[in-house]
Amino acid sequence: MPADLARGTAILFDGVVRSYPAPTGAVRALRDVTGALPRAAVSAVVGPSGSGKSSLLRIIAGMDRPSSGSVAVEGLDVGAASARARRRLLRDVVGYVYQRPAANFLTDLTVAQHLRMAAGADRDGDDLLAILRKLGIEDRADHRPEELSGGEQQRAAFAQALASGARVVVADEPTAELDRGSSALVIERLHDLAADGVTVVIATHDPDVIAAAEHRLELEHGRVREAGGRGSPDPEAPAPGTVLRWPGRDLPTWMAGSGGAALEVVGVSKAYGHGDEIVHALRDVSLVAGAGELVGLVGRSGSGKTTLLNIAGGWERADEGSVSVPSGSSTPWADVAYVPQRLGLMDELRIRENVEYPARLAGQLEERRPLIDGLLQTLGLDELGERYPREASLGEQQRTALARALVMGPALLLADEPTGHQDAGWSRRILAVLADAAASGSCCVIATHDAELAPLLHRVVAMADGAIGSPA
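The structure reproduced in this document is the subject of the present report.

What counts, and at which threshold
Chains are numbered independently. Their residues run from 1 in the order of the written sequence. In view of the model being predicted, local features appear only for residues whose pLDDT reaches at least 70, and side-chain atom pairs are presented and counted only at 80 or more, with totals across whole chains, interfaces and linings using the full set of residues. The side-chain quantities take in all heavy atoms of the structure and omit both hydrogens and water. Secondary structure elements follow DSSP: runs of H or I no shorter than four residues count as helices, runs of E no shorter than two count as strands, and numbering proceeds from the N terminus. One less than the residue count of a helix, multiplied by 1.5 Å, gives the span that helix is expected to have. Bend at a residue means the angle formed by two fitted axes: the first through the 7 residues ending at that position, the second through the 7 residues beginning there. The buried label applies to any residue whose accessible area, calculated with a 1.4 Å probe on protein chains only, is under 20% of its type's maximum; exposed applies above 50%, and partly exposed to all values in between. Any pair of residues with heavy atoms lying within 4.5 Å of one another is described as a contacting pair. Any two strands with at least two DSSP bridges between them are considered paired. The convention used is that axes are lines fitted to C-alpha atoms, helices contributing only their stretch in contact, and that angles between N-to-C directions extend from 0 to 180 degrees. Note on aromatic contacts: the rings of Phe and Tyr and the six-membered ring of Trp form a pair at centre separations within 6.5 Å, being stacked when their planes are under 30 degrees apart, edge-to-face when over 60 apart, and tilted otherwise.

### Here's the deal with helix 10 (residues 365–378)
Taking 1.5 Å as the rise per residue, helix 10 with 14 residues should run 20 Å; its terminal C-alpha atoms sit 19 Å apart, in good agreement. By the largest-angle criterion, L371 marks the main kink of helix 10, which is about 30 degrees. Those residues of helix 10 lying buried are L365, R368, L371, I372, G374, L375, L376 and T378. Elements in contact with the buried residues of helix 10: helix 9 (351–361), helix 11 (394–406) and helix 12 (424–439). Trailing helix 10 by a residue or two, G380 shows a phi angle of about 70 degrees, which is positive.

Spelled out as structure tokens, the structure:
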């Protein structure tokens, strides 16, 4: 038995298979997974997007059953357990942190109310506030989830798991939307949990989390990767212009006299009221981005990146200032395309159909088909085209949303954390695709907290506390 299992086994897998029905036949997410995870330790479940990490975590939490094989969680056989027993497992034993931050909350409750509900009536309120303080979000206690950034929501979700007193904490890519400083706070709290006897299981591609874990279970194509074996290499970034071909287009009317500026933000401020408290999300922000540029908004969670993109994309209104974006095209998605953190894929359409949708809407499906095929191939979606979004991993869904946004060769592309659910290889591939789009004339503005992407961007603009610093 490995040394890290000597202290005791909390979770045991034996020949686990999990299949999901699909229009083209069963999708096998897990294939003969056998292994064990130690009690009172931080374990990382790692592997590329689509390797089966989320499926395994859902079974551990009792939210799903294996199609065959067995999974024992603190002595309970999940596959043989009744629905009632699995609900009890999730309520009393396992604290689960969902991959999508907003999925962890009820919209009408504040963060503090969520924690009190998770902790029960006996937990002292000061103890709950201390949990938020350790995660750096104590000033968000009286705010509803919709008033938090994605990263703040993720930390609040962890606070719920900490407050619940669960013996097993399971988290699906908990640092995907966190900056490195916020991730470090979460990692520190996870080790505090393990020191107190809690078993922590994290699905992740974050190298900092993997390095900090005491145990690792590596998956590839639904199987446990052989010890010392080599997995699939990171996807190589295509050279700009070698794979993708955007159909020719005339210069749009918005460029006349604009000097090539695709996005112009002047003196924009945005505040959200909450009782007697006003949260200043943006403070006198000015920014110009040109056609052919790939610009990154970089900053910590809560710095205002998402709010700025939402205002630029027309999803929110500024309190002060002005925003100019491309307009006047009669073709939807050709002026401004947006990839939000929630992705917005249509569940009733298959992956290829989601990507094709803007071209079909514009009556340009045949003209755009070579580009559609190139995007599907370059973003690793060509073999998934007949699946529905729910049959793909979140990383694959994210790449689908990006492909859809690029199909019409938009004059301005706005993307909020487009690499948040990708490993390092896919992150590089996505940036290469965006650079290719910029080379074709698009202006691409992305929000990211991944400082390692900076060398792949044309320009980096730093954000902090709702303001823009000097461009890097």
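Moving on from the coordinates now.
### A few points about the sheet that holds strand 16 (residues 412–416)
The 6 strands are arranged 15-16-17-13-18-19 in an open sheet whose pairing can be described as mixed. Only two strands of the sheet have a single partner each, and these edge strands are strand 15 (336–339) and strand 19 (467–468). Here strand 16 pairs with strand 17 (residues 443–448) via 5 bridges, running parallel. Within the sheet, the bridge partner assigned to A415 lies in strand 17 and is I446.

### Looking at the sheet that holds strand 1 (residues 9–20)
With antiparallel pairing, 4 strands are arranged side by side in an open sheet as 2-1-4-5. Looking along the sheet, the strands with just one partner apiece sit at the ends: strand 2 (27–38) and strand 5 (76–77). Across 8 bridges, the pairing between strand 1 and strand 2 is antiparallel. Each residue of the ladder has a partner; that of V16, found in strand 2, is V33. On the sheet, helix 1 (residues 53–60) packs against strand 1, strand 2 and strand 4 (68–73) and is oriented at approximately 120 degrees with respect to strand 1.

### Comments concerning the packing of aromatic side chains
In the structure shown here, the tally under the stated rule is 2 aromatic pairs. Ring centres 4.9 Å apart and planes at 70 degrees place the aromatic pair Y96 and Y98 in the edge-to-face group. We classify Y96 as buried; its relative accessible area is 13%. Classification of Y98 as partly exposed rests on a relative accessible area of 30%. Their ring planes at 40 degrees and their centres at 6.2 Å tell us that W315 and Y338 sit as a pair that is tilted. Taken as a pair, W315 in the loop between helix 8 (305–312) and strand 14 (320–324) and Y338 in strand 15 lie far apart in primary sequence, 23 residues in all. Looking at Y338, the relative accessible area reads 11%, which means it is buried.

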